[in-house]
Amino acid sequence: MSHNGKATESVNLSANLSAQLQAIASAVSNAVQASQGDTIALLALLRQLEQLHQEIREGAFQQSLPDNRQALYSLLRNIESEGGWPYIERMKLQTFLKHLEQELTVSNNNDGLAVESETSLGSRE
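Not measured: the values here are computed from a predicted model.

Thresholds, definitions, all that
Residues numbered from 1 in each chain as written. Predicted model: local features only at pLDDT ≥ 70, side-chain atom pairs only at ≥ 80, totals over all residues. Heavy atoms only, no water. Helix = DSSP H or I, 4+ residues; strand = E, 2+ residues; numbered from the N terminus. Contact = heavy atoms within 4.5 Å. Areas by Shrake-Rupley, 256 points an atom, 1.4 Å probe, with all protein chains shown as cover. Expected span 1.5 Å × (residues − 1). Polar contact = N/O pair within 3.5 Å; in protein donor to acceptor, adjacent residues only side chain to side chain. Phe/Tyr/Trp six-rings, centres within 6.5 Å; stacked < 30°, edge-to-face > 60°. Buried < 20%, exposed > 50% of the residue type's maximum accessible area, 1.4 Å probe, protein only. Salt bridge = Lys/Arg side-chain N within 4 Å of Asp/Glu carboxyl O. Bend = angle between axes of the 7 residues up to and from the residue. Patch = residues over 30% accessible without salt bridge, like charges linked within 9 Å, V, L, I, M, F, W, Y side chains within 5 Å. pLDDT = per-residue confidence, 0-100.

*Asks:* Just to check I follow, could you spell out the overall build of the protein for this structure?
*Replies:* What the protein contains, in helices and strands, is five helices and zero strands. When the elements of the protein are put in sequence order from the N terminus, they spell out α-α-α-α-α. Here the contacts in the protein between residues at least 6 apart in sequence split such that 46% fall between residues at least 24 apart. Accessible area of the protein: about 10,900 Å², with a carbon and sulfur share of 55%.

*Asks:* Hey, could you run me through the environment of Arg90 in this one?
*Replies:* Structurally, Arg90 can be placed in the loop between helix 3 (69-81) and helix 4 (93-110). Once the C-alpha coordinates of Arg90 and Leu46 are considered, the two residues, 44 residues apart in sequence, prove to be 9.4 Å apart.

*Asks:* Looking at this model, I keep getting lost on helix 3. Mind explaining?
*Replies:* Each α-helix turn comprises 3.6 residues. Residues three or four places apart therefore point the same way. For helix 3, spanning 13 residues, the distance from its first C-alpha to its last is 18 Å, which sits close to the expected 18 Å at 1.5 Å a residue. Its side-chain oxygen 3.2 Å from the backbone nitrogen of Gln70, Asn68 forms the N-cap of helix 3. In the segment just after helix 3, Gly83 is the residue with positive phi, at about 110°.

*Asks:* How should the packing of aromatic side chains be read in this particular structure?
*Replies:* Aromatic ring pairs are defined here through the distance separating the ring centres and the angle between the ring planes. The final tally for this structure, using the stated rule, is one aromatic pair. Centre to centre, the rings of Phe61 and Trp85 are 5.4 Å apart; their planes meet at 75°, and the pair counts as edge-to-face. With a gap of 24 residues between them, Phe61 in helix 2 (residues 39-63) and Trp85 in the loop between helix 3 and helix 4 connect regions that are remote in the sequence. Judged by relative accessible area, which is 48%, Trp85 ranks as partly exposed.

*Asks:* Would you mind showing me how to read the pattern of salt bridges here?
*Replies:* Oppositely charged side chains may form a pair once their charged atoms are brought near each other. Counted according to the given criterion, the structure contains one salt bridge. In this structure, Glu58 engages Arg57 in a salt bridge whose closest nitrogen and oxygen atoms are separated by 3.2 Å.

*Asks:* I keep staring at the environment of Val28 and nothing clicks. Help me out?
*Replies:* For Val28, the location among the structural elements is in helix 1 (residues 3-34). As for Val28 and Leu45, which are separated by 17 residues in sequence, their C-alpha atoms are 8.2 Å apart.

*Asks:* Sorry if this is basic, but what is going on with helix 2 here?
*Replies:* Taking 1.5 Å per residue as the helical rise, helix 2 with its 25 residues ought to reach 36 Å, and the 35 Å between its terminal C-alpha atoms agrees with that figure. At Arg57, helix 2 shows its maximal bend, which comes to roughly 35°.

*Asks:* I'm lost on the side chain of Ser35 in this one. Help?
*Replies:* Topologically, Ser35 is positioned in the loop between helix 1 and helix 2. We classify Ser35 as buried; its relative accessible area is 13%. Apart from the residues lying within four places of it in its own chain, the contact partners of Ser35 are Ala41 and Leu42.

*Asks:* What's the story with a nonpolar patch on the surface in this structure? I'm lost.
*Replies:* Residues Leu43, Leu46, Leu49, Leu52, Ile56 and Ile88 make up a contiguous nonpolar surface patch of roughly 490 Å² in combined accessible area. Assignment of secondary structure puts Leu43 in helix 2. Relative accessible area serves as the criterion here: at 35%, Leu43 is assigned to the partly exposed category.

*Asks:* Just checking my understanding: could you explain the confidence of the model for the protein for this structure?
*Replies:* Interpretation of the predicted coordinates at a detailed level should be avoided for regions scoring low in pLDDT. Taken over all residues, the pLDDT of the protein has a mean of 80, while the share at 70 or more is 77%. Ranking the elements of the protein by mean pLDDT puts helix 5 (residues 119-122) last with 46 and helix 2 first with 95. Across residues 113-125, confidence stays below pLDDT 50; counting only partners more than four residues off in sequence or on other chains, it has 17 contacts.

Next comes the structure, spelled out in structure tokens:
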């Protein structure tokens, strides 16, 4: 295959992948909208996304890693130029508890009750 044929194939592959990624993003967005207010459903969605991330990373991605310096350098340049390494961050328990405490304080203040904040909950993060 000539160099131009390979470039055209790469552009077509990128367009196809881009369309697939857009469809995935739309499906996830629709699932989020359908699950608004349902913490358990949203948590299940986050768990599924994390599992998919892990399966891709430990399977197909690791198998496709470069086996020579030039290809590795190209991959590293791409990672650097396209926004870094993909990462799914987990909410820290202390952050979750702080948010819960704030919600309870607002809720109780709206009910006319004075609530003392527990400083031990949010002091370590």
